[in-house]
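Residues per chain, in single letters:
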Amino acid sequence: MMKFLLLFVFLFSCSEKKSDYFPLKKIKSWTYSVEIIPEVEKKILYKKTNTSLGERKIKVEGKEKSVFPVLREDGTTFYYEISNDGIYRKGVRYLKDKKISFDKKRLVLPKPVKLDKKWSNDSKTFLILRRYPYYDYKATTNFEINYEITSVNQSIKTPYGIFNDCILVEGVGQTNFIGDSEIGSIGIKIKSQEWYSRKIGLVKMIREEATDTDLFGTTRMVQLLEKYE
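Described in the following lines is the structure provided in the data block. This is a predicted model, so every value here is computed, not measured.

## Brief notes about the pairing of strand 15 (residues 218-228)
The sheet contact formed by strand 1 (residues 28-38) and strand 15 spans nine bridges and is antiparallel. Within the sheet, the bridge partner assigned to Trp30 lies in strand 15 and is Tyr228. Pairing geometry for strand 14 (residues 201-211) and strand 15, over seven bridges, is antiparallel. Paired with Lys204 across the two strands is Leu224, which belongs to strand 15. Linking two consecutive strands that pair antiparallel, namely strand 14 and strand 15, is a turn of six residues; a positive phi of about 65 degrees is found at Gly217 within it.

Spelled out as structure tokens, the structure:
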């Protein structure tokens, strides 16, 4: 009986290790190409880099906790926490800030990863944009996005290579943006698709924010992994 229990624990541990779709414990960097395709504005192309800094100890409400910071190219650092039931984004520190801001923690991926698993997070619209001669008008508003793991065996092609072991996380949400007296109320529907590969993490993401007005139209973002080191 004892041998069976030890074997079960060993196999479970190996399974958990193999299913690490959001690796944070090692110092690594991910470089992505990002293409934003608006319906009414010019296309935007740029690159972004995320660098995991390994495990760190910080004090939260007087208690020491293990977190895993990820630094972005603009100087923003996101802090993640690994729990028994998943990986959470716990806090953020912007370049101008000295302290970490701790908000409601956000589930990134559940543990264990399994088909049809569902969860929700607070989010914001960030793609919808109109450029005017003297300023940019962005339709930014809060909403709740509902996620679900809809596949566990996707094959994805990226500039870095082909990944045959991806899970697909799909998200949907909707909200209304109240503009000025000229714009009025705008209905927005949000869809997202995120593909994660074992031991690599996020390899592709597509996000779409569709409005019910020709003034803003629909904006789509495609993010692809270019380098992992």
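## Overview of the pattern of salt bridges
Tallied over the entire structure, the rule returns nine salt bridges. Lys90 is the partner of Glu81 in a salt bridge, and the nearest nitrogen-oxygen pair spans 4.0 Å. Taken as a pair, Glu81 and Lys90 share a single burial class, namely buried. The closest approach of N and O atoms between Asp122 and Lys104, which form a salt bridge, is 4.0 Å.

## Some points on the packing of aromatic side chains
Under the definition given, this model contains five aromatic pairs. With 6.3 Å between their ring centres and 50 degrees between their planes, Phe22 and Tyr196 make a pair best called tilted. Note that Phe22 is positioned in the loop between helix 1 (2-18) and strand 1 and Tyr196 in strand 13 (residues 185-197), a separation of 174 residues in sequence. A relative accessible area of 15% means that Phe22 is categorised as buried. With a centroid separation of 6.4 Å and an interplanar angle of 15 degrees, the aromatic rings of Tyr160 and Phe163 are classed as stacked. Residue class for Tyr160 comes out partly exposed when judged on its relative accessible area of 38%. Above the face of the Tyr88 ring, Lys105 is positioned so that its terminal group lies 4.4 Å from the ring centre.

## Things to note about the side chain of Ser192
Within the secondary structure layout, Ser192 lies in strand 13. The class for Ser192 is buried, based on a relative accessible area of 4%.

## Some thoughts on the environment of Val70
Relative to the helices and strands, Val70 resides in strand 4 (residues 63-72). With 10 residues separating them along the chain, Val70 and Val60 place their C-alpha atoms 18 Å apart. Non-local contacts of Val70, meaning those with residues more than four positions away in its chain, are made with Leu24, Asn50, Thr51, Ser52, Thr76, Thr77, Phe78 and Tyr80.

## A closer look at the side chain of Asn121
Take Asn121: it is sitting in strand 8 (residues 118-124). At a separation of 2.7 Å, a polar atom in the side chain of Asn121 contacts the main-chain carbonyl oxygen of Leu107. Among residues more than four places away in sequence, those in contact with Asn121 are Arg106, Leu107, Phe143, Glu144, Ile145 and Tyr147.

About the criteria used
- Residues numbered from 1 in each chain as written.
- Predicted model: local features only at pLDDT ≥ 70, side-chain atom pairs only at ≥ 80, totals over all residues.
- Heavy atoms only, no water.
- Pairing = 2+ DSSP bridges.
- Helix = DSSP H or I, 4+ residues; strand = E, 2+ residues; numbered from the N terminus.
- Salt bridge = Lys/Arg side-chain N within 4 Å of Asp/Glu carboxyl O.
- Buried < 20%, exposed > 50% of the residue type's maximum accessible area, 1.4 Å probe, protein only.
- Phe/Tyr/Trp six-rings, centres within 6.5 Å; stacked < 30°, edge-to-face > 60°.
- Lys NZ or Arg CZ within 6 Å of the ring centre and 35° of its normal.
- Contact = heavy atoms within 4.5 Å.
- Polar contact = N/O pair within 3.5 Å; in protein donor to acceptor, adjacent residues only side chain to side chain.

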